[in-house]
Amino acid sequence: VQLVESGGGLVQPGRSLRLSCAASGFTFSSYWMYWVRQVPGKEREFVAAINWSGGITAYADSVKGRFTISRDNAKNTVYLQMNSLKPEDTAVYYCAAATKMSRAGSAYDYWGQGTQVTVSS
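It should be emphasised that the depicted structure is a prediction, and the values quoted were computed from it without experimental measurement.

Participant: What is the right way to read the pairing of strand β5 (residues 45-50) from this model?
Facilitator: Strand residues, when the strand is regular, have side chains that alternate between the two faces of the sheet. The buried fraction of β5 amounts to five of the six residues, a majority that puts the element mostly inside the structure. Relative to β5, strand β4 (residues 32-38) runs antiparallel, the two sharing five bridges. Bridge pairing links Val36 to Phe46 in β5. Count of turn residues in the β4/β5 antiparallel hairpin: six residues, of which Gly41 carries a positive phi of about 90°. In this sheet, strand β6 (residues 57-59) lies alongside β5 in antiparallel orientation, the contact comprising three bridges. The residue bridging Ala49 from the neighbouring strand is Ala58, located in β6.

Participant: Is there a simple way to explain the pattern of salt bridges in this structure?
Facilitator: It is possible for side chains bearing opposite charge to pair when their charged atoms get close. By the definition in use, this model includes four salt bridges. For Lys64, the salt bridge goes to Asp61, with nearest N and O atoms at 3.2 Å. Each member of the pair, Lys64 as well as Asp61, carries the same accessibility label: exposed. Each of Arg37, Glu45, Arg66 and Asp89 takes part in one network of salt bridges that share partners.

Participant: How should I be thinking about the sheet that holds strand β7 (residues 67-72) in this particular structure?
Facilitator: As a general point, the strands of a sheet are linked pairwise by backbone hydrogen bonds and lie either parallel or antiparallel. Taken in spatial order, the four strands of this open sheet run β1-β3-β8-β7, and their pairing is antiparallel. The strands lining the two open edges of the sheet, one partner per strand, are β1 (2-6) and β7. Across the sheet, the axes of successive neighbouring strands diverge by a mean angle of 15°, strand direction being ignored. As judged from the six bridges shared by β7 and strand β8 (residues 77-82), these two strands associate in the antiparallel manner. The partner of Asp72 across the bridge, within β8, is Thr77.

Parameters and conventions
Residues numbered from 1 in each chain as written. Predicted model: local features only at pLDDT ≥ 70, side-chain atom pairs only at ≥ 80, totals over all residues. Heavy atoms only, no water. Buried < 20%, exposed > 50% of the residue type's maximum accessible area, 1.4 Å probe, protein only. Helix = DSSP H or I, 4+ residues; strand = E, 2+ residues; numbered from the N terminus. Pairing = 2+ DSSP bridges. Salt bridge = Lys/Arg side-chain N within 4 Å of Asp/Glu carboxyl O. Axes fitted to C-alpha atoms, helices over the stretch in contact; angles between N-to-C directions.

Here is the structure:
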């Protein structure tokens, strides 16, 4: 099983960034997919979730209206479009997979290695 994130980097406040997570080794279309972020020294934070078909999404209050999660089951890929980025969005962003919906990372079956997002002028 592999989850490989990409698309992170340094961006100025107010700009946009799109993260991708390519999945392999499991039946991607049967899993909920998640984005979670973590700042060193702090607990990881649920960011967004999407169900197997893409018809149900959920977001943390801190990103609602700015971030959009989507998926392409034909490409085994999940995306996180991040708009109007703020310095407080700076973190390592991880994608994860689970067979059920949960905002608790302990429920997730698979994790990627993470990609750094830094929002700074």
